[in-house]
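Chain by chain, the residues:
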Amino acid sequence: LKPFWLKPCAKAQAYHSSDPPLHTRVAMKACFALFCALVAMVSGAQVQDRKISEVVRLLQSMLETAKAEGDTERNLYAKYKCYCDTNEAEKTTLIEELTQEKTTLI
């Protein structure tokens, strides 16, 4: 048996090989992934900014349309309410007149 200080070390063999050690490869992959994520975020932020601008413009146009439709519906409802009130008043007076005429005929 050889003493432990004379046995070959697995780490020493890894350092002498042409490939970098495992922890270095993992760190390099992590750095590459981080770099790719940063590039995607920067380009995504520009695309996101354009998307947000489009959404804001769409919402503004929807707001203007809703206001115009609201004004139109308000006018139509006012006309309908006026018709109903006038018609109700006319029907009420007509019913009262016919009721009085009926009592005079009986």
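Relevant structure appears above.
Residues numbered from 1 in each chain as written. Predicted model: local features only at pLDDT ≥ 70, side-chain atom pairs only at ≥ 80, totals over all residues. Heavy atoms only, no water.

Caption draft 1: Spatial organisation of the overall build of the chain. When its secondary structure is counted, the chain shows two helices and zero strands. By residue count, 1% of the 106 residues in the chain fall in the buried class. Total accessible area on the chain is roughly 10,100 Å²; 65% of this is exposed by carbon and sulfur atoms. (Helix = DSSP H or I, 4+ residues; strand = E, 2+ residues; numbered from the N terminus. Buried < 20%, exposed > 50% of the residue type's maximum accessible area, 1.4 Å probe, protein only. Areas by Shrake-Rupley, 256 points an atom, 1.4 Å probe, with all protein chains shown as cover.)

Caption draft 2: Summary view of the pattern of salt bridges. As enumerated under the stated definition, the model contains two salt bridges in all. Residue Arg74 is joined to Asp71 by a salt bridge in which the shortest nitrogen-to-oxygen separation is 2.7 Å. Of the two residues, Arg74 and Asp71 are both situated in helix α2 (residues 22–105); the distance of three residues between them amounts to about one turn of the helix. Among the residues examined, Arg74 registers a relative accessible area of 52% and is labelled exposed. Between Lys81 and Asp85 there is a salt bridge, with its nearest N and O atoms 3.4 Å apart. You can see Lys81 and its partner Asp85 sitting in helix α2, four residues apart, about one turn around the helix. The exposure class of Lys81 is partly exposed, given its relative accessible area of 40%. (Salt bridge = Lys/Arg side-chain N within 4 Å of Asp/Glu carboxyl O.)

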